[in-house]
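So the chains spell out like this:
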Amino acid sequence: MPRRSAGSVPSDLFDLVVKNALDFLKQSVRELRKRPKYSVIDFCSALELLLKARLMLEHWALIISRPESASLVKFQAGDFRSVTMDDAIERLRNVGGEPISRDEETSFRGLREHRNKLVHFFHEQYVKAPPDEQAIQEVVSEQCRAWFYLHRLLVGRWARHFRKYAAEIRRINAKMEANRVYLRAKYEATSPEIEKDIAGGTEYARCVSC
C-alpha cells in the first residue's frame, strides 16, 4: 500500500512531482551553454513543480486552481488545472504557514516572467549557434539567484520533506556551483571597469547568490 501524505493522497504522487522537477533541473543545467532558451524554460518548470509539491503536502486540493471543485479521482488521473506560481506562493504563506520572503518571491517571479517572454516571443540571441554570450550570462545570473533561494528552502525549512532527495539535490547544487565559476570569470574580466565606476562614485552591491 502506498504511504499517505497530508490530504489523504498517496505519497508516491508527491514523489512523482519531485522527481519530475529534479529531472527538469538537471536538464536545465545541461542545456545552459548550448540552449539557454530551454534552460530557462526547464528551470522555471522545476521551480513551479517544487513549490506545488510542497503545497501538496498541506493538502492535495491546494494545487488545483479552484479547490472547491476539486475531484480526487481526476487529480490522481492528472486531469486538473493547477495553480499559478503566484497562487502557490500565496497559498503557501496563508495556508501552509510558509513565509516565502519578498526577495525569494521577486527572484522566482523574475524567472517566471523571463520564461513567459521566451515562450511567447522569438529571441534570436537565445537560439543562434553558438548562443549569444550576453544571453548566457543573463541566464546564469538569474538561475544562480533563483537557485540560491530555492536551494535554501530545500535544505533548510523544507529539508524534512525533501530528505529523500538530499543526495540528488547536492549533485544539482554542485553543478550550479560550476555556473557560479562562470560568473566569477565574467566578474574578473569586467573588474577594471567596475573599479573605474567605483572611483567615479558608482555604488555596487554584493550579490548574495553569486
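Summarised in this report is the structure supplied together with it.

Rules and cut-offs
- Residues numbered from 1 in each chain as written.
- Predicted model: local features only at pLDDT ≥ 70, side-chain atom pairs only at ≥ 80, totals over all residues.
- Heavy atoms only, no water.
- Core = buried A, V, L, I, M, F, W, Y, C linked by side-chain atoms within 4.5 Å.
- Buried < 20%, exposed > 50% of the residue type's maximum accessible area, 1.4 Å probe, protein only.
- Helix = DSSP H or I, 4+ residues; strand = E, 2+ residues; numbered from the N terminus.
- Contact = heavy atoms within 4.5 Å.
- Salt bridge = Lys/Arg side-chain N within 4 Å of Asp/Glu carboxyl O.
- Phe/Tyr/Trp six-rings, centres within 6.5 Å; stacked < 30°, edge-to-face > 60°.
- Lys NZ or Arg CZ within 6 Å of the ring centre and 35° of its normal.
- Axes fitted to C-alpha atoms, helices over the stretch in contact; angles between N-to-C directions.
- Parallel < 35°, antiparallel > 145°, perpendicular 65-115°, else oblique.
- Left-handed = near helix turned anticlockwise from the far one by under 90°.
- Nonpolar A, V, L, I, M, F, W, Y, C, P; charged D, E, K, R; others polar.

## Quick look at the nonpolar core
Point 1. Counting residues in hydrophobic clusters, the biggest one holds 52 residues, and the most contacted among them are Phe 108 and Trp 147.
Point 2. Residue contributions to this core peak at 11 residues, all from helix 2 (residues 36–56).
Point 3. Setting aside residues no more than four positions away along its own chain, Phe 108 makes contact with Leu 47, Leu 51, Met 85, Ile 89, Ala 146, Tyr 149, Leu 150 and Leu 153.

## What about the environment of Asn 173?
Point 1. Locating Asn 173 in the fold gives a position in helix 7 (residues 166–199).
Point 2. Note: C-alpha distance between Asn 173 and Phe 148 (25 residues apart in sequence) is 9.2 Å.

## A look at the pattern of salt bridges
Point 1. This model, assessed by the stated rule, comprises 15 salt bridges.
Point 2. With a closest N to O distance of 2.3 Å, Glu 105 and Arg 93 form a salt bridge. Of this pair, Glu 105 sits in helix 5 (residues 102–120) while Arg 93 sits in helix 4 (residues 85–94), and the two are 12 residues apart along the sequence. Here Glu 105 and Arg 93 have matching classes, each one buried.

## So, the packing of aromatic side chains
Point 1. Enumeration over the complete set of coordinates arrives at 3 aromatic pairs.
Point 2. Considering the side-chain rings of Phe 14 and Phe 162, the 5.6 Å spacing of their centres and the 50 degrees angle between planes classify their relative orientation as tilted. Placement of the pair is Phe 14 in helix 1 (residues 11–31) and Phe 162 in the loop between helix 6 (133–155) and helix 7, with a sequence separation of 148 residues.
Point 3. Residue classification places Phe 14 among the buried residues on the basis of a relative accessible area of 6%.
Point 4. Both rings, one in Phe 148 and one in Tyr 149, keep their centres 5.1 Å apart while their planes meet at 70 degrees; by these two values the pair is edge-to-face.
Point 5. Residue Phe 148 is classed as partly exposed on the basis of its relative accessible area, which comes to 22%.
Point 6. Among the aromatic side chains, those forming a connected cluster through ring pairs are Phe 14, Trp 158 and Phe 162.
Point 7. Taking NZ or CZ as reference, Arg 35 lies 4.4 Å from the ring centre of Tyr 38, over its face.

## A word on the packing of helix 4 against helix 5
Point 1. Where helix 4 contacts helix 5, the two axes come as close as 11 Å, and the packing angle between them is 160 degrees. Relative to helix 5, helix 4 is oriented roughly antiparallel. Pair helix 4 / helix 5 crosses with right-handed handedness. Here Met 85, Asp 86, Ile 89 and Arg 93 of helix 4 come into contact with helix 5, specifically with Arg 102, Glu 105, Phe 108, Arg 109 and Arg 112.
Point 2. Taken together, the residues of the contact of helix 4 with helix 5 break down into 3 nonpolar, no polar and 6 charged.

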